[in-house]
Amino acid sequence: MQSSQRKRVVSSCIPCYTRKQKCNRQYPCNHCSRRRRPEQCAYNPSQATLPPSPPQAQKDHLHDDEIQTDDSQQETQAERRPSASSSVQDTINWGGLKEGREPTSLAEVFGYFENSKSNTIALVRKLGADDDATGHSSEPTPVPEETAIIAQRLFASMPNRSIFDFLVRYFIAEVSWMDQLIYPPWFLSHYQKWWEMERTSTAYGIEFAVLVLRICSYASQFLPSPTCTIDSIRGVPLVDIRKSCDGVADALTPICSRLDARGSLIRVQHVAFAGLRSLCQGRTNAHWEALSCAVRVAQRIGLHVDATSGFYSPNMDELEKEMRRRTFCNLYVWDSVLSKRLDQIPFLPDALNPDTMPRMHLVLGLDDVPQADAPDLFTERVLEAQLANFWRTHGSGNATEYDPIAAEERYEKFCSEFLPEIPPVFALYPDTCDKWDARLPTLPLQRQMFHMAILESLCHNFRPALFQEVNSIQQLPAYKQILLSSHKRALAVIALNLLEGVSALHLMMGGSHTRHASLIIPTFEAAVVLLCLCSDGNFSPKAETTLRRGSTTSMTKSSDPFGVGVTDVTKDECIQAVRSALGRLQTLADMNHMAEVGARTLTRLLGKIEKISDTTISEANTLMRLDTDPIVVTDPALQLSEAWNCLQTPDYAEVEFLAENTPTTDMSVFSWF
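Residues numbered from 1 in each chain as written. Predicted model: local features only at pLDDT ≥ 70, side-chain atom pairs only at ≥ 80, totals over all residues. Heavy atoms only, no water.

Undergrad: In this structure, what is going on with the overall build of the protein? I would like to understand it.
TA: If you tally the helices and strands in the protein, you get 29 helices and two strands. Sorting the 673 residues of the protein into buried and exposed places 52% on the buried side. Once local pairs closer than 6 in sequence are excluded, the contacts in the protein between residues at least 24 apart make up 77%. Summing over all exposed atoms, the protein offers an accessible surface of approximately 31,900 Å²; the carbon and sulfur share of this is 51%. (Helix = DSSP H or I, 4+ residues; strand = E, 2+ residues; numbered from the N terminus. Buried < 20%, exposed > 50% of the residue type's maximum accessible area, 1.4 Å probe, protein only. Contact = heavy atoms within 4.5 Å. Areas by Shrake-Rupley, 256 points an atom, 1.4 Å probe, with all protein chains shown as cover.)

Undergrad: How should I be thinking about the pattern of salt bridges in this particular structure?
TA: Pairs can form between side chains of opposite charge once their charged atoms are near each other. Going through the model one piece at a time under the given rule, you end up with 17 salt bridges. Notably, a salt bridge pairs Arg-381 with Glu-380, separated by 3.9 Å at the nearest N-O pair. Taking relative accessible area as the criterion, Glu-380 reaches 0% and is therefore assigned buried. A salt bridge links Glu-596 to Arg-600, with the shortest nitrogen-to-oxygen separation between them at 3.8 Å. Of this pair, Glu-596 and Arg-600 both sit in helix α26 (residues 593-610), four residues apart, roughly one helical turn. The partly exposed category is assigned to Arg-600, whose relative accessible area is 43%. (Salt bridge = Lys/Arg side-chain N within 4 Å of Asp/Glu carboxyl O.)

Undergrad: Explain helix α23 (residues 478-508) to me, please; I cannot follow it from the model alone.
TA: Helical geometry note: an α-helix holds 3.6 residues per turn, so side chains three or four residues apart project in the same direction. The terminal C-alpha atoms of α23, which comprises 31 residues, lie 45 Å apart, in line with the 45 Å expected from a rise of 1.5 Å per residue. Counting buried positions over the 31 residues of α23 gives 24, a clear majority of the element. Looking at the residues trailing α23, positive phi occurs at Gly-510, about 110°. (Expected span 1.5 Å × (residues − 1).)

Undergrad: I tried to follow the packing of α23 against helix α24 (residues 517-534) on my own but got confused; where do I start?
TA: Each pair of packed helices can be summarised by the angle the axes make with each other and by the distance between the axes. Put simply, α23 and α24 touch, their axes get as near as 9 Å, and they point 150° apart. In terms of orientation, α23 lies roughly antiparallel with respect to α24. α23 and α24 meet at a crossing whose hand is left-handed. Here Lys-488, Leu-491, Ala-492, Ala-495, Leu-496, Leu-498, Leu-499, Val-502, Leu-505 and His-506 of α23 lie close against α24, whose contacting residues are Ser-518, Leu-519, Pro-522, Thr-523, Ala-526, Val-529, Leu-530 and Leu-533. (Axes fitted to C-alpha atoms, helices over the stretch in contact; angles between N-to-C directions. Parallel < 35°, antiparallel > 145°, perpendicular 65-115°, else oblique. Left-handed = near helix turned anticlockwise from the far one by under 90°.)

Undergrad: Can you walk me through the nonpolar core in this structure?
TA: The nonpolar side chains of a soluble globular protein tend to be buried with one another. Among the nonpolar cores identified, the biggest contains 171 residues, and Phe-187 and Leu-252 are the most heavily contacted of them. Beyond its immediate stretch of four places on either side in the chain, Leu-252 contacts Ala-151, Leu-154, Phe-155, Ile-206, Ala-209, Val-210 and Leu-213. (Core = buried A, V, L, I, M, F, W, Y, C linked by side-chain atoms within 4.5 Å.)

Undergrad: What exactly am I supposed to notice about the packing of helix α19 (residues 404-418) against helix α21 (residues 443-462) here?
TA: Between α19 and α21, the shortest axis-to-axis distance is 9 Å and the interhelical angle comes to 155°. For the element pair α19 / α21, the angle class is roughly antiparallel. The handedness of the crossing between α19 and α21 comes out as right-handed. Of the residues in α21, those touching α19 at Ala-407, Arg-410, Tyr-411, Phe-414 and Phe-418 are Phe-450, Ile-454, Leu-458, Asn-461 and Phe-462. Classifying every residue of the contact of α19 with α21 by side-chain character gives eight nonpolar, one polar and one charged. (Nonpolar A, V, L, I, M, F, W, Y, C, P; charged D, E, K, R; others polar.)

Pasting the structure below:
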């Protein structure tokens, strides 16, 4: 009789298994935490399919039994889930929590920002008032007994720790690079201490629980993925995990607000994660509302001022101050992007205060090179904040009063002031990318996202040209009409490059389904821009290149990195790009409602554009020969010279006047591309 040997399942983390150390099988484990490398703690992906081990179930005092995998036990678990809903209702209806703690300090009653150096509370302090009487107490807020009971009941309805550990680990490895709202070592240090503390004894313990729940819910939005093809964790379906995390977090949030009306950095972060989850679900307005709430809390706790202010607690270390700066940097980026996209007034002021920008150089996963030489991955977020600050500072065009000269000047300043300041590793053509891309797997993706952000900002600069009426255009001077036509051609090239960038990023991310809005929104908006250009009767249906590729030998990558100056764009090419964009949205629509709605809209718009008759386009081209030149970009001399050669007849007196009175403004719209 042959005895069958059972293959041993490795349950230790990879670093402990490699070093042959006894691992406690938590995340982060005891040895990785002791080595101060919690972000390197990683487990075999197959652990997600394992049931929770008995020791773990016994250690977790929030659960009386394990999460089972057979059908009968899943039904028992399903019957237990409504207790979370009842806990939510109990929390909402709890009379002792409705009013909350009565405010006692001057800052709470009058609503003053207590860290201000210029409001009335600053004058009160100047007169010698005690800080305890004017501001919020820095001591941990105790939790009343009845509130602790409710919080304990809600904690009992959460998924067990093995599920939390898996989702947090997946978030750190696969998701956090997209938004970088938290710094992994900082968060994992708090995460481990949170599990070891009495979580219902302080407001911080309950607040951090909400942050963990929001992160796990957000991370689950990206599962299954090419690197983790699962639909359940430890036998619990992902759908049930999301519902449990969201339900408990929604119930704990009002408790946190009543315990601490002012808020904290943790609250800003978990509100922001709730907004990011809404964006993944296609609820952009909910994301905008969450951002509004996060900004209000950030202002109450002083994220918008210098963290080195003397009013801050002396117990706040430098890393905590850096986390505050990084969080505010993210808020500024989201506020700038969303306000521009939704045509809303930003929540934060236009000028970005340099004192609130991140200062520390923090490098992950590179122990064998000097820290000063390695790139900090958060640089991408800093660059996006600087990009948003540039366009806010220099203004932008609007749909009703578009000034081509002003748009051109903004573009010239962008090329001369912003682009040269980009670090080499994030440049359009980085010279040192090969050195770091292999060491930092997310660096190429972050670089691609930053390049897409640049293209989106340029789209917003020139897009108002599409809203100009024909009668208004005809009343413009001839040189402004030429410049406006150049800006429309600019939009075509920018939109095509943006779609190419989205396609490249999608392939880098595995080319499969994803809920991340960075692929969906740029795809839809760039496709709409191209369709608007194709609806113009003066758009060139076929290539009629007048500028040959060898005619401008002076163009280099530094002045024309995308080759726009020697490239013609036709309607057929734009339509093909829109079809490709539509195909991508239809692929992503299987898991994303935003992609589904965008694909449905593009299908209708594309059908209308394709019905336009080629005969109608040809007749329109003969009426306005000036706009029938192929979509090419040249320098001012070549552009005006070709317009003069094509239109040198008595009927074009304005063009003759333009040739004799060349405007002094540089019209080289694409000197950078």
